[in-house]
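Residue-level structural notes
Here is how the chains run, residue by residue.
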Amino acid sequence: MKHFISVHDAGNIDALAQKALAYKANPFYDKTLGANKRIGCLFLNPSMRTRLSTQVAAQNLGMEAIIFNVGSEGWALEFEEEAIMSGTTVEHVKDAAPVFGNYFDILAIRTFPSLKNREDDYSELYIKQFIKYAGIPVVSLESATLHPLQSLTDIITITEEMQKTGIERPRIVLSWAPHVKPLPQCVANSFSQWINAWGKADFVITHPEDYELSEEFTKGATITHNQDEALKNADFVYVKNWSTFRDYGKIYESDPKWMLTNQKLQLTNNAKVMHCLPVRRNVELSDEILDGPNSIITREAANRVWAAQAVLAEILKTNG
Ligand code: CP
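What comes next is a walk through the structure. Each chain has its residues counted from 1, following the order in which its sequence is written. Local features in this predicted model are restricted to residues of pLDDT 70 or higher, and side-chain atom pairs are both shown and tallied only at a pLDDT of 80 or more, whereas totals for entire chains, interfaces and linings draw on every residue. The side-chain numbers reported here are obtained from all heavy atoms of the structure, hydrogens and water having been left aside.

Grid spacing is 1 Å over the protein atoms alone, the probe is 1.4 Å, and a cavity is where that probe fits but cannot get out, while a pocket is an open set with protein on both sides within 12 Å along at least five of seven lines and lining residues have an atom within 4 Å of a point. Grid points are joined across faces, edges and corners, and a volume is the space filled by probe spheres set on the points. Volume-wise, the largest pocket comes out at about 580 Å³. Runs of E in the DSSP output that reach at least two residues are strands. Runs of H or I that reach at least four are helices, and both are numbered from the N terminus. Sorting the residues of the lining of the largest pocket by element identifies α2 (49–60) and α8 (186–198) as the ones contributing at least two each. In terms of residue class, the lining of the largest pocket is made up of 13 nonpolar, six polar and eight charged. Three classes are used, and their members are as follows: Ala, Val, Leu, Ile, Met, Phe, Trp, Tyr, Cys and Pro are nonpolar, Asp, Glu, Lys and Arg are charged, and the others, Gly among them, are polar.

In structure tokens:
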């Protein structure tokens, strides 16, 4: 594995998930793999789980993790080629990235979309420029359109649950949830991309009209605007808000009827409920679900460590 930006870098998804579960069983198995290596984690946007789980994963591999909140503490970066930098940006990524490439062995980056211009966001310019100029492996800690470490975690968590219950081909439902502000499509795009590529589930996406995601990621899933229909016999319900894709970055409605409740859960096959966190309680998901027996959300967040550890180990092994 050279970089980790999307499912296309994952190779065999099941093998990567099993590697992560092996680390969960034995966190320090490869405790010297990353000895004398450094990962630089650059945050252009806030994070809790991604930041801490990546640090813990690196340390479990004997690696040093250095965090830089570049968005709030660093020079404002320019990403456009041939930019005339007479505005607010202070340093070009062309100059900054090679410096990071000298300080670190792996570079990990979190950057959000602007939600203003779809073409710009979906071009993934920021992460592509770091790959172009850093000269070292780059890991996405969530980009403008995808969140691959979250999606690998989600497959690890589903795999764990399948092993426990003996379910062989689960029905997995990605269900849109209300929110108070427009959020990126990253988690929903990425979850769709990974579940489709994995191919081990009957995958259904449900959302209100006008909340279609890009077909690039959803192709292969059943898509319905009827949430009750979607929830029938579901084994897993993945709850997430996202803003509109076509008329980009908008909220048209926040209909509370789309929030998952225990009553709706009755339609499912006693489904386990997932969410990437952070979650707006009683807007996106009800207290009764979050605090109830069907939620596997805390375990899902805990599994972020093992996903990050498996990915960092693969990169260390490939790149020496
Ligand atoms: N799920 C997730 O990425 O959480 P953070 O934003 O806290 O990293």
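Moving on, there is more to tell.
For each residue, the accessible area found with a 1.4 Å probe, counting protein chains only, is set against the maximum for its type, and the residue is called buried under 20%, exposed over 50%, and partly exposed in between. Extensive coverage of strand β7 (residues 171–176) is indicated by the burial of five of its six residues. Whether two strands pair comes down to DSSP finding at least two bridges between them. Across five bridges, β7 lies against strand β8 (residues 202–206) in parallel orientation. Each residue of the ladder has a partner; that of V173, found in β8, is V204. Looking down the strands as they point away from you, a crossover is right-handed if its path from the first strand over the helix to the second goes clockwise. Crossover connection from β7 via α8 to parallel β8: handedness right-handed. Pairing of β7 with strand β10 (residues 236–240), which is carried by five bridges, proceeds in the parallel orientation.

Right, let's get into the packing of aromatic side chains. To pair, rings of Phe, Tyr and Trp, with the six-membered ring standing in for Trp, must have centres within 6.5 Å; the planes then decide the type, stacked if under 30 degrees apart, edge-to-face if over 60, and tilted in the middle. Under the defined criterion, the tally for this structure stands at 13 aromatic pairs. Relative to Y126, the ring of F79 has its centre 3.7 Å away and its plane inclined at 10 degrees; by these criteria the two rings are stacked. One end of the pair, F79, is in the loop between β3 (77–78) and β4 (91–92); the other, Y126, is in helix α6 (residues 125–134), and 47 residues separate them in sequence. Judged by relative accessible area, F79 falls into the buried class, the value being 3%.

Time to look at the sheet that holds strand β11 (residues 272–274). The strand order across the open sheet built from five strands is β9-β8-β7-β10-β11, with neighbouring strands paired in parallel fashion. Lying at the two open borders of the sheet, with one neighbouring strand each, are β9 (222–224) and β11. The mean inter-strand angle of the sheet, taken between neighbouring strand axes irrespective of direction, is 20 degrees. On top of the sheet, α8 reaches β7, β8 and β10; it is set at about 165 degrees to β7, its chief contact. Where helices are involved, their axes are fitted lines through C-alpha atoms of the stretch in contact, as for all axes, and angles between N-to-C directions lie from 0 to 180°. What makes two residues a contact is simply this: any of their non-hydrogen atoms within 4.5 Å.

Time to look at the site of the ligand. Any residue with a non-hydrogen atom lying within 4 Å of a molecule or strand is treated as near it. Every residue near the ligand is listed here: S47, M48, R49, T50, R110, H147, Q150, C276, L277 and R304. Separating an oxygen atom of the ligand from a side-chain N or O atom of R110 is a distance of 2.9 Å. We define a polar contact as two N or O atoms separated by no more than 3.5 Å, with the added condition that, inside protein, one atom must be a possible hydrogen donor and the other a possible acceptor, whereas residues neighbouring each other in sequence contribute only through side-chain atom pairs. C276 places a main-chain nitrogen or oxygen 2.9 Å from a nitrogen atom of the ligand. Think of it this way: if more than half of a molecule's atoms are within 2 Å of a pocket's grid points, that molecule is in the pocket or cavity. Using a 2 Å cut-off from the grid points, one finds that the ligand occupies the largest pocket. Partitioning the shell around the ligand into residue classes produces three nonpolar, four polar and three charged.

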